[in-house]
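Each chain, letter by letter, is given below.
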Amino acid sequence: MKIATAAYPLDVLTSEAQYEDKIAAWVAEAAQAGASLLVFPEYAAMELATLDGPEVAGDLEKSLWAVAARLPQADALHQRLAAEHGVHIVAGSGPARTDTRPVNRARLITPTGQIGQQDKQIMTRFEAEIWDVIPGNMLQVFDTALGKIGILICYDSEFPLLGRALSACDVICVPSVTEAQSGYWRVRIGAQARALEQQCITAMASVVGDADWSEALGTSHGTGGVFAPPDIGFPQTGVLALGQMNTPGWTYAEVDLAQVAHVRQDGVVLNRSHWAGQVGRDAAALPVRLR
């Protein structure tokens, strides 16, 4: 299959029709290029807050609830586009309502109209200490017509045990938004490490450009990228495709999941199946004093 990962700029929207036209154009472009899995980035849905005006979009608390109120409508749009083009879409994540505080939720939408919801597991300091966004549902493995797909939202990709929980996945999607190149590299290194450890494909999408109307977003750096284990049949760098930094657009990669299965069974190394070899050796290291 072909995977498309977005380097996606956020706009100040003047109408719902403008948002619909924007998403429709992005989806149509990727579908026409032959992509069957489209990955939009973390907090891409925040541009919906601008539909309620600059005062709401610029207020951390009000913007959370404004977007949460519009998320069902955005999902309906993505459902229509997924069906029209016969593609699977990881819709840009955004705040979703719970009984208490909002969670950061990505949605995997299939051509048949089904929606799989995946919430962020571990909050960044900004999300936890300032924005008061909370962790959501447990990690899930979505069994789709394309294969088994999981989602690690941005910071989540930096934690090996979360990646291990998705060890059944053929593809792990990594929607992200990072305000500095160092943040981009943290997430990218995490995505590549998870591809190495679980011998799978990881697909990273990024927000790019200025969104100065939001204290939560500001200026974002990144690009799209698709990564693999550096093993038989894959590039020696583990990089299947990489976009140009901070340049809006899709990055595409052709992916053969049969090759993923082959590497897992008979690769040069077997990180995924040798994971258990750490057990018993992962206790606190013994202090040895050398003089």
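Report follows, based on the coordinates. From a predicted model like this one, the values you see are computed outputs, not experimental measurements.

Right, let's talk about the pattern of salt bridges for a bit. Evaluated as defined, the whole model comprises 15 salt bridges. The closest approach of N and O atoms between Glu-254 and Lys-2, which form a salt bridge, is 3.9 Å. Here the residue Glu-254 occupies a position in strand E13 (residues 249-254), and Lys-2 occupies one in strand E1 (residues 2-9), the gap between them amounting to 252 residues. For Glu-254, a relative accessible area of 56% puts it in the exposed group. The salt bridge partner of Glu-129 is Arg-125, with a shortest N-O separation of 2.9 Å. Taken as a pair, Glu-129 and Arg-125 lie in helix H4 (residues 125-131) at a separation of 4 residues, close to a single helical turn. We classify Arg-125 as exposed; its relative accessible area is 63%.

What follows concerns helix H6 (residues 181-198). Residues separated by three or four positions in an α-helix point in the same direction, a consequence of the helix having 3.6 residues per turn. Taking 1.5 Å of rise per residue, the 18 residues of H6 would be expected to cover 26 Å, and the 26 Å separating its terminal C-alpha atoms lies within 8% of that figure. Every buried residue of H6 is listed here: Gly-183, Tyr-184, Val-187, Arg-188, Gly-190, Ala-191, Arg-194, Ala-195, Glu-197 and Gln-198. Where H6 is buried, its residues contact helix H5 (160-165), strand E8 (171-176), strand E9 (201-211), strand E11 (225-227), strand E12 (239-242) and helix H7 (257-266). Positioned one or two residues after H6, Gln-199 has a phi angle of 50°, which is positive.

For the rest of this paragraph, the subject is the side chain of Arg-194. If you trace the backbone, Arg-194 turns up in helix H6. The buried category is assigned to Arg-194, whose relative accessible area is 5%. Within the local environment of Arg-194, its side chain forms a polar contact with the backbone oxygen of Ser-157, the two atoms lying 2.6 Å apart. With residues near it in sequence (within four places) discarded, Arg-194 still touches Leu-152, Ser-157, Glu-158, Phe-159, Pro-160, Gly-163, Gln-199, Cys-200 and Thr-202.

Now for the side chain of Lys-120. Summarising the element assignment, Lys-120 is placed in the loop between strand E5 (115-119) and H4. Polar contacts involving the side chain of Lys-120 include one to the side chain of Glu-42, which spans 2.8 Å.

Analysis parameters
- Residues numbered from 1 in each chain as written.
- Predicted model: local features only at pLDDT ≥ 70, side-chain atom pairs only at ≥ 80, totals over all residues.
- Heavy atoms only, no water.
- Salt bridge = Lys/Arg side-chain N within 4 Å of Asp/Glu carboxyl O.
- Helix = DSSP H or I, 4+ residues; strand = E, 2+ residues; numbered from the N terminus.
- Buried < 20%, exposed > 50% of the residue type's maximum accessible area, 1.4 Å probe, protein only.
- Expected span 1.5 Å × (residues − 1).
- Contact = heavy atoms within 4.5 Å.
- Polar contact = N/O pair within 3.5 Å; in protein donor to acceptor, adjacent residues only side chain to side chain.

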